[in-house]
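# Tertiary structure, described
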Amino acid sequence: MIAGPSGGGDGAPQKKLNVGIAGLGAGAVQVIRAMEAAPYLDIVAAADTRPQALSAFRERYEGRTYDSVDDLAKDPNVDVVWVSTPNIHHCENTVVLAENGKHVVVEKPMAVTLEEAERMVEAAERNGVNLLCGHTASLMAGFRAMRRVITSGRLGKVTAINCWSYVDFMFRPRMPHELDMENGGAMPYNQGPHQFDVVRLMGGGMVRSVRGMVSKWMDARTSPGYYVAYLEFDDGAPATIVKNGYGYFLTTELVPWASDIQGLDRNRDIRRALRNGQPYDEATGKEAQRFGGSDTNTLLGPRENITRSGFQLDCGLVVVSCEGGDIRQADGGLTIYDDDGTHFMPVEGVQDERMAELDEMYQAITEGRPVHHDGRWGMATLECVLGMMQSGRERREITMTHQCPAWE
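Residues numbered from 1 in each chain as written. Predicted model: local features only at pLDDT ≥ 70, side-chain atom pairs only at ≥ 80, totals over all residues. Heavy atoms only, no water.

### Notes on the pairing of strand β11 (residues 317-322)
Basically, it comes down to this: At least two bridges found by DSSP between two strands are what make those strands a pair. Note on conventions: DSSP H or I runs of at least 4 residues are helices, E runs of at least 2 residues are strands, and numbering of each starts at the N terminus.
Relative to β11, strand β7 (residues 158-166) runs antiparallel, the two being bridged by 6 bridges. Across the sheet, N162 pairs through a bridge with V319, a residue of β11. Where β11 and strand β12 (residues 325-330) come together, 4 bridges link them in antiparallel fashion. In the strand pairing of β12, S321 is matched with D326. Counted between consecutive antiparallel strands, the loop separating β11 from β12 contains 2 residues.

Shown next, in the form of structure tokens:
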């Protein structure tokens with residue numbers, strides 16, 4: 001836990017921000033855990049369509065509740081809103097919040113289309129509010145440390161990047177919209193930002209083109225559970241991204257210091273049930289994970305920090321190759337390989353990406369610091385994800401036009 005980015009001599013924050021939450025789903029539960037640990041935030045309001053979620057929110061925080069984001073946007077005592085509504089609503093929610101003077105942190109993916117992303121950026125800039133594209137691994141301490149090693153010049157220029165993740169995304173409890181690719185659901189939209197963000201950060205941000213493929217291997221799940229992408233940066237450096245969400249092999253098997261919280265046995269049982277046409281009550285499981293559900297208190301309680309040094313399950317393993325060596329994640333830091341041998345570099349800082357996002361937004365509002373992970377950065381990442389999907393459909397390379405440089 002951090003003591004407050006702008007704390008005084010006693011560690012107390014000089015100013016507290018009032019936070020509202022748009023959408024009290026499973027993603028919101030995870031960020032609320034970070035909000036509760038941040039002494040510089042007060043959780044004061046929320047919007048959702050589920051009465052039980054709003055009732056639970058009022059009971060826990062004595063806060064104000066609304067059944068629409070439009071009404072939350074009009075609350076004069078809310079400074080910043082975390083948008084965790086279904087992906088297809090991110091644009092309209094962000095625009096109405098910005099028009100009402102609210103700073104916004106929006107969950108990944110930022111939007112469903114580039115046109116929506118442009119509307120969001122324009123609304124934030126027109127109204128002078130900060131827009132941060134949140135919930136991606138690139139804000140974690142380990143990946144920021146990787147970027148510092150790269151920009152220091154210690155290993156020379158980046159020559160290649162590889163990002164590789166095998167998880168059980170397809171067998172976690174899902175609501176129908178989460179697997180509806182036509183409306184911004186499915187694994188490419190929901191998982192792509194983790195990996196593309198990190199790879200863009202390591203490579204300097206300016207992706208020239210994307211070639212990719214998206215695949216569906218299981219009829220019982222209506223959306224793709226695999227994708228692969230090849231990126232070329234403006235300076236010629238290549239990068240590869242691989243994601244498999246079918247849960248047979250898990251990347252955590254290769255990094256014993258990253259706890260395996262998913263479980264191969266559970267994945268096997270769910271796959272068998274789906275393949276055999278047996279009922280699988282994932283709606284009940286998903287409801288339990290949402291705010292006001294049966295697992296709320298457990299999910300909001302203390303937990304072991306499994307995001308060690310930038311290893312985030314959905315991003316996976318990242319290896320950056322430079323002219324003079326390689327860098328990868330390690331237990332408690334980074335491992336660097338160069339001409340003098342193998343070196344361990346400890347990493348300190350905020351390991352939880354949600355806490356890092358809250359930190360960055362707080363500093364932007366109270367100290368006028370720039371939001372690095374802003375709307376234009378989020379739009380550039382979305383362009384890469386959309387380019388991968390378009391490339392798969394059309395069997396060709398897609399040139400990028402909305403890229404922006406990474407922060408130093």
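### A few points about the packing of helix α7 (residues 187-203) against helix α12 (residues 375-394)
What counts is decided by this rule: Only C-alpha atoms enter the line fits that serve as axes; for helices the fit covers just the stretch in contact. Angles between N-to-C directions range over 0 to 180 degrees. Rotating anticlockwise by less than a right angle from the far helix to the near helix defines a left-handed crossing, while the corresponding clockwise rotation defines a right-handed one. Pairs of residues are marked as contacts when any of their non-hydrogen atoms sit within 4.5 Å. Charged residues are taken to be Asp, Glu, Lys and Arg, nonpolar residues to be Ala, Val, Leu, Ile, Met, Phe, Trp, Tyr, Cys and Pro, and polar residues to be all remaining types, Gly included.
Two numbers describe how α7 lies on α12: the axes approach to 9 Å, and their chain directions differ by 115 degrees. Considering only the axes of α7 and α12, their crossing is right-handed. Contacts from P188, Y189, G192, P193, F196, D197, R200 and L201 in α7 reach W377, A380, T381, L382, C384, V385, L386, M388 and M389 in α12. Looking at side-chain class alone, the contact of α7 with α12 contains 13 nonpolar, 2 polar and 2 charged residues.

### With respect to the pairing of strand β8 (residues 207-215)
For β8 and strand β9 (residues 226-233), the ladder comprises 8 bridges, and the chain directions are antiparallel. Counted as the bridge partner of S209 is E232 from β9. Alignment of β8 against strand β15 (residues 398-399), held across 2 bridges, turns out to be antiparallel. Residue pairing in the sheet places S209 in a bridge with T399 of β15.

### What about the sheet that holds β9?
Pairing in this open sheet of 9 strands is mixed, and the strands run β14-β13-β12-β11-β7-β10-β9-β8-β15 from one edge to the other. The open sheet has two edge strands with one neighbour each: β14 (341-346) and β15. Bridge count between β7 and strand β10 (residues 238-244): 6 bridges; the pairing is parallel. By the bridge assignment for β10, I161 is matched with A239. Here α7 sits on the sheet and contacts β7, β8, β9, β10 and β11; the angle it forms with β9, its principal contact strand, is near 25 degrees.

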